Amino acid sequence: MLEPHSFFTNMVDELVEFSEYDPELADGLRWIDSEAQKHGITFYEMVFMVLHKYDVNVKAKEWLETRN
């Protein structure tokens, strides 16, 4: 079984490979790479931050919709 870190990096690596066939994904990954460089962090750290922020926002919207 893969370690969680290895699983994540392998998943990101597969997205990078798949982006060869998906221009929109490739643009998004280039943006993530440029943002990572601006912040002085790794590409993988930036991908994690973007995915984490997305997950938090989705859960917050769900909570707002169901709180009444």
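Residues numbered from 1 in each chain as written. Predicted model: local features only at pLDDT ≥ 70, side-chain atom pairs only at ≥ 80, totals over all residues. Heavy atoms only, no water.

**Points about the packing of helix α2 (residues 23-39) against helix α3 (residues 43-66)**
At a minimum axis separation of 8 Å, α2 and α3 run at an interaxial angle of 110 degrees. Of the possible angle classes, the one that applies to α2 and α3 is roughly perpendicular. For the element pair α2 and α3, the recorded crossing hand is right-handed. Listed contacts from α3 to Leu-29, Trp-31, Ile-32, Asp-33, Glu-35 and Ala-36 of α2 are Phe-43, Met-46, Val-47 and Val-50. Residues of the contact of α2 with α3, tallied by class, amount to eight nonpolar, no polar and two charged. (Axes fitted to C-alpha atoms, helices over the stretch in contact; angles between N-to-C directions. Helix = DSSP H or I, 4+ residues; strand = E, 2+ residues; numbered from the N terminus. Parallel < 35°, antiparallel > 145°, perpendicular 65-115°, else oblique. Left-handed = near helix turned anticlockwise from the far one by under 90°. Contact = heavy atoms within 4.5 Å. Nonpolar A, V, L, I, M, F, W, Y, C, P; charged D, E, K, R; others polar.)

**Describing α2**
For α2, with 17 residues, the first-to-last C-alpha span of 24 Å sits near the 24 Å given by 1.5 Å per residue. Turning to α2, its buried residues are Ala-26, Leu-29, Ile-32, Glu-35 and Ala-36. Contact partners of the buried residues in α2: α1 (4-18) and α3. For α2, the capping residue at the N-terminal end is Asp-22, with a side-chain oxygen 3.1 Å from the backbone nitrogen of Glu-24. Gly-40 sits one or two positions beyond α2 and adopts a positive phi of about 70 degrees. (Expected span 1.5 Å × (residues − 1). Buried < 20%, exposed > 50% of the residue type's maximum accessible area, 1.4 Å probe, protein only. Polar contact = N/O pair within 3.5 Å; in protein donor to acceptor, adjacent residues only side chain to side chain.)

**A closer look at the nonpolar core**
Core analysis: the largest hydrophobic core is formed by eight residues, namely Phe-8, Val-12, Leu-29, Ile-32, Ala-36, Phe-43, Met-46 and Val-47. Only α1, α2 and α3 provide two or more residues apiece to this core. Apart from residues lying up to four places away in sequence, Met-46 is in contact with Ile-32, Glu-35, Ala-36 and Ile-41. (Core = buried A, V, L, I, M, F, W, Y, C linked by side-chain atoms within 4.5 Å.)

**Quick word on the confidence of the model for the chain**
Caution applies to low-pLDDT regions: their predicted coordinates should not be interpreted in detail. For the chain, mean pLDDT is 92; residues scoring 70 or higher make up 96% of the total. Here α1 stands out as the element of the chain with the lowest mean pLDDT, 91, in contrast to α2, whose mean of 97 is the highest. (pLDDT = per-residue confidence, 0-100.)

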